[in-house]
Amino acid sequence: MSFDSFCLHSALVANIKRIGYENPTPIQTESIPHILEGRDLMGLAQTGTGKTAAFLLPILHRLLTTPAKSRSPRTLILAPTRELAEQIFRSALDFMRGTKLRAAVIYGGMGMFPQTRALRQGVDIVVACPGRLLDHLNQGNVRFDGLETLVLDEADHMFDMGFLPDIKRILAALPTKRQTLLFSATMPPAISGLAGETLSDPVAVRIGNMAPLATVEHAIYPVSHNQKAPLLLHLLGEAGKSSVIVFTRTKHRAKNLALQLCRSGHKATCLQGNLSQRQRQIAMEGFRRGAFQVLVATDIAARGIDVSQVGHVINFDIPDTAEAYTHRIGRTGRAEHDGQAHTFVTGEDVGMVRAIESHMKKALPRRELAGFEPEPGEFRRSAPAPRYPARGRQNYGDRSRPSYGDRSRPSYGDRSGRPAQAESAQGDRSRNDRPAGERPAADRPRSDRPAGERPRTDRPRNDDRRTTFGLADGGNQRDGSQRPRRPYQGATAA
Ligand code: AMP
C-alpha cells in the first residue's frame, strides 16, 4: 500500500515525500482511512510504530480541506510528557510545512505568557500536557467550543502518572460532539474505562501486540557491579558511531555516568529529572543532531524520546518492570531500522530477567565477554533480601533454579521480579550514589537539598512516579521552583 491511496491533501503528500516516508506503516494503513471517515478510534500500539503520523496526517487533511467554524482550536492532542508533546508538535510542524495551519505546544516548566499569547492569537492544533493545559483553561486563556478532534496519546502513561483526574476535568470542558482517538500501548482496566466513557462506537486497531520490535536484537550481559562501567565503555567502542541511549535507575547515576563517559572521551550528555527545561532541550537537541553520541537517561526523563536512528539501547541498570523494558527498547529499532538492546544483569537482577522474558514470551540470549565475566558465585549466591517494601512475592532468588552460569537452561530467579525501588529513576539518590557521610535527603533540612530533590521516602513506586511527573510537566510549576523562561512556543507552519 502507498500513501497515494489515502488521497491526502497535496501539501501533505509533498511533505511526506520530503520527509522521506515511502510507504505507510501498519498502524497508518489500518488507522488513516477510519480517521479520515471521522470514526472514533482506539489504537493499541507501542511507540516506534509510526502512530504519530497515523493520527496527524488524517487530522491535518481535515483541517486543510474543511473550513474552521470558529476561532477555537480544532484539534487537541494530549500527551503525558513534555518530550512527547514536543515531538508530536515537531512532527505536526513538519507535515504542515507550506500551509497556513498554526500549532502551539503547551507544557509546564515554561512561562505562561508566551503560551497564553499563542492560544489567544488562535491556533488550529494544540499539543499539550494535561497539567499546564488545565492551568490555561482555569485562567480562561483558551476555549475549545469549536474542537473537532481530541487525541489522547500514550493514555496508559497518562494514567500511570496520575493524570486521569486532570484528563477528566479537561474532557468536561470539551464539546461532546467530537472525534476522539485514544492511543495506548497497554489496556489496563482504567484505560478501558476511560475508552468506554470517551469513545463512541470506536474502531479498534491493534498493532504490535506488545511484542518487542522485530528489528531489535537483544543481549543479556551477566556482570558484576564494578564491571558495569568498563563493560559499557567496551560496548560503546563496539557501537562505533551509532547513537546510544544508556538507561540508569537513578538521576544521580545518570549524571555521574555521563560525566564519566565524557572524561573517557565520549560525546555524552544526560537527561534526568534534575535538569531545567532548558538543559533538557539542549541535551535532546544535541543528541538528535548527533552532537552527543550517548544519552544517559532515566526512564521517566526518556519517555517519548524519538530519535529514529538510535542504534543501541544499553540498560546499565535493569528496569524496574518488564513493561519498562519494552518501553526502553522501543527507543531503538524504530521505523524498521535495526537496533540492539543490551542489558547488564547482576546477581540481584535475575528475578527481573525472568519477568522480562515471561513478558516477551522468549528467552533472551546471554552474552559473556572475556574480561567482563561476573565474579565467581555472583549468580550462585542466594539473592539478597529485598531492601524495599515489595509488591507481591518477596523472594528474589529461587535456589531450586539453575545457577546463572548454567546456559543450557534459560530460567533464572524468581518470576515476581524486582519489588518497588525507592531509589528508582524517578526517586532520590541511591545509597550508593550518596557521597560518603551525607545524610539521606529526608533527614536534611529543605534548604540543604539540591534544587528539585525530594525527601527520600519509602513510599510505593507508583506514588513516586506521580510525584516525579511534576518534573516532567506542569506540576513542576506548582512546587514554586524557578524555571528559566523561553521565548514564544507557538509556531506557524509557514
Ligand atoms: P512514532 O511511533 O510515531 O513515535 O514513530 C516512530 C518513528 O517512525 C519516527 O521516527 C517516525 O518519523 C518514523 N515513521 C513514521 N511513519 C513512518 C513511515 N511511514 N515510514 C518511515 N518512517 C516512519
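Refer to the structure printed above.
Report follows, based on the coordinates. If you're wondering where the values come from, they're calculated on a predicted model, not measured in any experiment.

Brief notes about the pairing of strand 11 (residues 294-297)
On any regular strand, side chains alternate: one points to one face of the sheet, the next to the other face.
Alright, step 1. Burial of the side chains of strand 11 extends over both faces: Val294 and Val296 are buried on one face and Leu295 and Ala297 on the other.
Alright, step 2. Pairing between strand 9 (residues 243-247) and strand 11: four bridges, direction parallel. Among the inter-strand pairings, Val246 is bridged to a residue of strand 11, identified as Val296.
Alright, step 3. Here four bridges tie strand 10 (residues 268-271) to strand 11, and the two strands are oriented parallel to one another. Bridge assignment links Ala268 to a residue of strand 11, and that residue is Val294.

Describing the sheet that holds strand 8 (residues 216-222)
Alright, step 1. Taken in spatial order, the six strands line up as 8-13-12-9-11-10 in an open sheet, and their pairing is parallel. The two strands at the open ends of the sheet, each matched to only one other strand, are strand 8 and strand 10. Each neighbouring strand pair of the sheet contributes to a mean axis angle of 20 degrees, computed without reference to strand direction.
Alright, step 2. By the bridge criterion, five bridges tie strand 9 to strand 12 (residues 310-315) in an arrangement that is parallel. Residue pairing for strand 12: Ile245 is matched across the bridge by Val313.

Some thoughts on the packing of helix 5 (residues 112-121) against helix 6 (residues 130-138)
If you want to describe how two helices pack, look at the angle between their axes and the distance between the axes.
Alright, step 1. Taken N-terminus to C-terminus, the directions of helix 5 and helix 6 make an angle of 65 degrees; their axes are 11 Å apart at the nearest point. Judged on the interaxial angle alone, helix 6 and helix 5 are roughly perpendicular. Here the hand of the crossing between helix 5 and helix 6 comes out right-handed. Here helix 5 contributes Met112, Gln115, Thr116 and Leu119 to the contact with helix 6, which in turn contributes Arg132, Asp135 and His136.
Alright, step 2. Looking at the contact of helix 5 with helix 6 residue by residue, the class counts come to two nonpolar, three polar and two charged.

Some details on the environment of Pro33
Alright, step 1. Here Pro33 is to be found in helix 2 (residues 26-37).
Alright, step 2. Pro33 has contacts with Phe6 and Gln28, leaving out every residue within four places of it along the chain.

Brief notes about the pairing of strand 8
Alright, step 1. Counting buried positions over the seven residues of strand 8 gives six, a clear majority of the element.
Alright, step 2. With seven bridges connecting them, strand 8 and strand 13 (residues 339-345) associate as parallel partners. The partner of Glu217 across the bridge, within strand 13, is Gln340.

Focus: helix 1 (residues 10-19)
Alright, step 1. Taken as a whole, helix 1 has its buried residues at Ala11, Leu12, Asn15 and Ile16. Burial along helix 1 is one-sided: seen end-on, the buried residues are contained in an arc of 135 degrees. Relative to its buried face, helix 1 has exposed residues pointing more than 90 degrees away, namely Ser10 and Lys17.
Alright, step 2. Elements that come into contact with the buried residues of helix 1 comprise helix 3 (51-65) and helix 4 (82-96).
Alright, step 3. A positive phi of about 105 degrees marks Gly20, the residue just after helix 1.

Definitions and limits used
Sequence order as written defines the numbering, with residues in each chain counted from 1. Given that this is a predicted model, residues contribute local features only at a pLDDT of at least 70 and side-chain atom pairs are listed and counted only at 80 or more, while totals for whole chains, interfaces and linings are drawn from all residues. Hydrogen atoms and water are omitted, and side-chain values are computed over all heavy atoms in the structure. A simple rule labels every residue: compare its accessible area, found with a 1.4 Å probe on the protein chains alone, to the largest value its type can have, and call it buried under 20%, exposed over 50%, or partly exposed in between. For the purposes of this entry, the term helix denotes a DSSP run of H or I that reaches at least four residues, the term strand denotes a run of E that reaches at least two, and both are numbered from the N terminus. Any two strands with at least two DSSP bridges between them are considered paired. Throughout, an axis means a line fitted to C-alpha atoms (over the contacting stretch in the case of helices), and angles, computed between N-to-C directions, take values from 0 to 180 degrees. Here roughly perpendicular refers to angles of 65 to 115 degrees, roughly parallel to angles under 35, roughly antiparallel to angles over 145, and oblique to all remaining angles. A crossing counts as left-handed when the near helix is turned anticlockwise from the far one by less than a right angle, and as right-handed when that turn is clockwise. Contacts between residues were defined by any pair of non-hydrogen atoms, one from each residue, lying within 4.5 Å. Throughout this entry, Asp, Glu, Lys and Arg are counted as charged residues, while Ala, Val, Leu, Ile, Met, Phe, Trp, Tyr, Cys and Pro are counted as nonpolar. The remaining residues, Gly among them, count as polar. The arc in question is the one traced by the directions running from the helix axis out to the C-beta atoms.

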